[in-house]
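Here is what each chain is made of, one letter per residue.
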Amino acid sequence: MALLRLLAFIGLTLPLMPIQAVAVLVNARLARRLPLFYHRIACRIIGLEVVVSGVPQAPAPTLFVGNHVSYLDIPVLASLLESSFVAKAEIAGWPFFGWLARLQRSVFIERRSRHAGRHRDSISARLNEGDNLVLFPEGTSNDGIRVLPFKSALFSVAENRVNGQPLTVQPFSIAYTRLGGLPIDRDWRPLLAWYGDMELPGHAWRVLGLGRIRVEVILHPPLTLEALGSRKALADHCQRIVAEGAAAAQAGIAPGIGGPA
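Residues numbered from 1 in each chain as written. Predicted model: local features only at pLDDT ≥ 70, side-chain atom pairs only at ≥ 80, totals over all residues. Heavy atoms only, no water.

Some thoughts on the overall build of the protein
To keep things clear, this is the line we draw: Secondary structure is summarised from DSSP: a helix means a run of H or I of at least four residues, a strand means a run of E of at least two, and numbering begins at the N terminus for each. With C-alpha atoms as the basis for the radius of gyration, the globule rule is written as 2.2 Å multiplied by the number of residues raised to the power 0.38. When a residue's accessible area, from a 1.4 Å probe over protein chains only, is under 20% of the maximum for its type it is buried; when over 50% it is exposed; and in between it is partly exposed. The contact rule is simple, with two residues in contact once any of their heavy atoms fall within 4.5 Å. Under the convention used here, a 1.4 Å probe and the Shrake-Rupley method define accessible areas, while residue burial counts only the protein chains that appear. None of His or the chain ends enter the tally, which takes Lys and Arg as positive and Asp and Glu as negative. Every charge is mapped to an atom, namely NZ of Lys, CZ of Arg, CG of Asp or CD of Glu.
On a plain count of helices and strands, the protein comes out with 8 helices and 10 strands. For 261 residues, the compact-globule estimate of 2.2 N^0.38 gives 18 Å, and the C-alpha radius of gyration of the protein, at 18 Å, lies within 12% of that figure. Taking the principal axes of the C-alpha coordinates as reference, the protein spans close to 50 × 45 × 35 Å. For the protein, buried positions account for 51% of its 261 residues. Restricting to contacts in the protein with at least 6 residues of sequence separation, those with at least 24 account for 77%. Surface exposure of the protein reaches about 12,100 Å², of which carbon and sulfur atoms provide 60%. In the protein, 27 positive and 19 negative side-chain charges are present, and the distance between their average locations comes to 4 Å.

What follows is the structure, encoded as structure tokens:
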């Protein structure tokens, strides 16, 4: 199964890469729309059943913030949201996956304090262009059991106004809840969560060999920094509701879960 899925994924990806590259080069509308189509098909190939509750804030721009469990979060979220990602700078240099991140029009940042102002300006510029962005404020992926504290410095972009209006921030929770129809417990979470010193190629190969994976995404009500008063209060509020949503989904009690995306 893993080999067939890998071949299907490559067969989908390689022909679309030059099309997306040209679309990005000329700043065509297609550069924003094609990733939605691509990631929806990619999720089916990988075996991801994406189930969503809530709706994305519209119109753009919106900063989506939530927990980060795995590299699988990228195709899951990109299949639902017309958006780009805020990613660690080192990802830009990765073979293949770095190219995909560039074609997704990701914003690459170094998460050290001395670069904070420059990266805030880069993110703000993209939001001012009308692009949605996805940010993982934990700063790293987690074990899928808990949600790490959100780094308030990464919310500094929300202090800026976009086109004269407060920036809309929409929290999301993501949880991998079933594998082959069975609930995913603590022992199974490392099969999907990618964190610590796990090697990407070996982990990804094992994922491709798994059965059907149910992923639940909860899009929480949007808010602004002005409503919370400070970026620290905004970070803490988002972390709390994201953690509550992820825990509810893992327990099978998340409210309002809809059908497959």
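The discussion continues.
Observations concerning a nonpolar patch on the surface
How we decide: What goes into a patch is any residue over 30% in relative accessible area without a salt bridge, connected to like charges within 9 Å or, for nonpolar side chains (Val, Leu, Ile, Met, Phe, Trp, Tyr), within 5 Å. Salt bridges are defined as contacts in which a side-chain nitrogen from Lys or Arg sits within 4 Å of a carboxyl oxygen from Asp or Glu.
Where nonpolar side chains cluster on the molecular surface, the patch consists of Leu3, Leu7 and Trp205 and spans about 320 Å² of accessible area. Looking at the secondary structure, you find leucine 7 in helix α1 (residues 2-25).

Some words on unusual backbone geometry
Across the chain, the bulk of peptide bonds are trans and the bulk of non-glycine residues have phi less than zero. Even without a glycine there, the phi angle at asparagine 27 is positive, about 55°. Here asparagine 27 is to be found in the loop between α1 and α2 (30-46).

Structural notes on the environment of glutamine 57
Within the element layout of this structure, glutamine 57 appears in the loop between β1 (48-53) and β2 (62-66). The class for glutamine 57 is partly exposed, based on a relative accessible area of 26%. Not counting residues up to four positions away in its chain, the partners in contact with glutamine 57 are Thr62, Phe64, Thr168, Gln170 and Pro222.

With respect to the environment of alanine 247
Structurally, alanine 247 can be placed in helix α8 (residues 231-250). A relative accessible area of 41% means that alanine 247 is categorised as partly exposed. Expressed as a C-alpha distance, the spacing of alanine 247 and glutamate 226, which sit 21 residues apart in the sequence, is 27 Å.

Re the nonpolar core
In summary, soluble globular proteins display a tendency toward joint burial of nonpolar side chains. Operational definition: Throughout this description, the term nonpolar core refers to a set of buried Ala, Val, Leu, Ile, Met, Phe, Trp, Tyr and Cys residues connected via side-chain atoms within 4.5 Å.
In terms of nonpolar packing, the biggest core is built from 34 residues, with Leu48, Leu72, Val76, Val134, Tyr176, Ile213 and Val217 touching the most fellow members. Within the residue set of this core, elements represented by two or more residues are α2, β1, α3 (73-78), β8 (168-179), α6 (200-208) and β10 (213-219). Residues contacting leucine 48, with those up to four places away along its chain left out, are Cys43, Leu72, Val76, Arg212, Ile213 and Val215. Leu63, Leu167, Leu225 and Val242 belong to the second largest nonpolar core, which has 25 residues in total.

Focus: the pattern of salt bridges
For side chains of opposite charge, pairing can occur when their charged atoms come near one another. Counted under the stated rule, the structure contains 12 salt bridges. Arginine 33 is paired through a salt bridge with glutamate 82; the nearest N and O atoms lie 2.9 Å apart. With arginine 33 in helix α2 and glutamate 82 in the loop between α3 and β3 (84-88), this pair connects stretches of sequence that are 49 residues apart. The salt bridge partner of arginine 231 is glutamate 159, with a shortest N-O separation of 3.9 Å. On the criterion of sequence distance, the pair formed by arginine 231 in helix α8 and glutamate 159 in the loop between β5 (133-135) and β6 (161-162) is long-range, its members being 72 residues apart. Three or more residues joined by partner-sharing salt bridges are found here, namely Arg32, Arg105, Arg126 and Asp131.

Comments concerning the packing of aromatic side chains
The condition is simple: Side-chain rings of Phe, Tyr and Trp, where Trp is taken by its six-membered ring, are said to pair if the distance between their centres is within 6.5 Å; with planes under 30 degrees apart they count as stacked, over 60 as edge-to-face, and otherwise as tilted.
Tallying each qualifying case throughout the model produces 8 aromatic pairs. Here the aromatic rings of phenylalanine 9 and tyrosine 38 are separated by 6.4 Å at their centres, their planes lie at 50°, and the arrangement is tilted. Of this pair, phenylalanine 9 sits in helix α1 while tyrosine 38 is found in helix α2, placing the two residues 29 residues apart along the sequence. The burial state of phenylalanine 9 is the same as that of tyrosine 38; both residues are buried. Here the aromatic rings of phenylalanine 150 and phenylalanine 155 are separated by 6.3 Å at their centres, their planes lie at 25°, and the arrangement is stacked. Accessibility expressed as a relative area gives 0% for phenylalanine 155, which makes it buried. Among the aromatic residues, ring-to-ring pairing joins Phe9, Tyr38, Phe96 and Phe97 into one connected group.

Observations regarding the pairing of β8
Both faces of the sheet carry side chains from a regular strand, because those side chains alternate between them. Threshold: Paired strands, in this sense, are two strands between which DSSP finds at least two bridges.
Most of β8 is tucked away, with 11 of its 12 residues classed as buried. As defined by bridge partners, β8 adjoins β10 across 7 bridges and the pair is classed as antiparallel. Its bridge partner being in β10, tyrosine 176 is matched across the sheet by valine 215. The antiparallel hairpin formed by β8 and strand β9 (residues 182-183) contains 2 residues in its connecting segment, where glycine 180 sits at a positive phi of about 60°.

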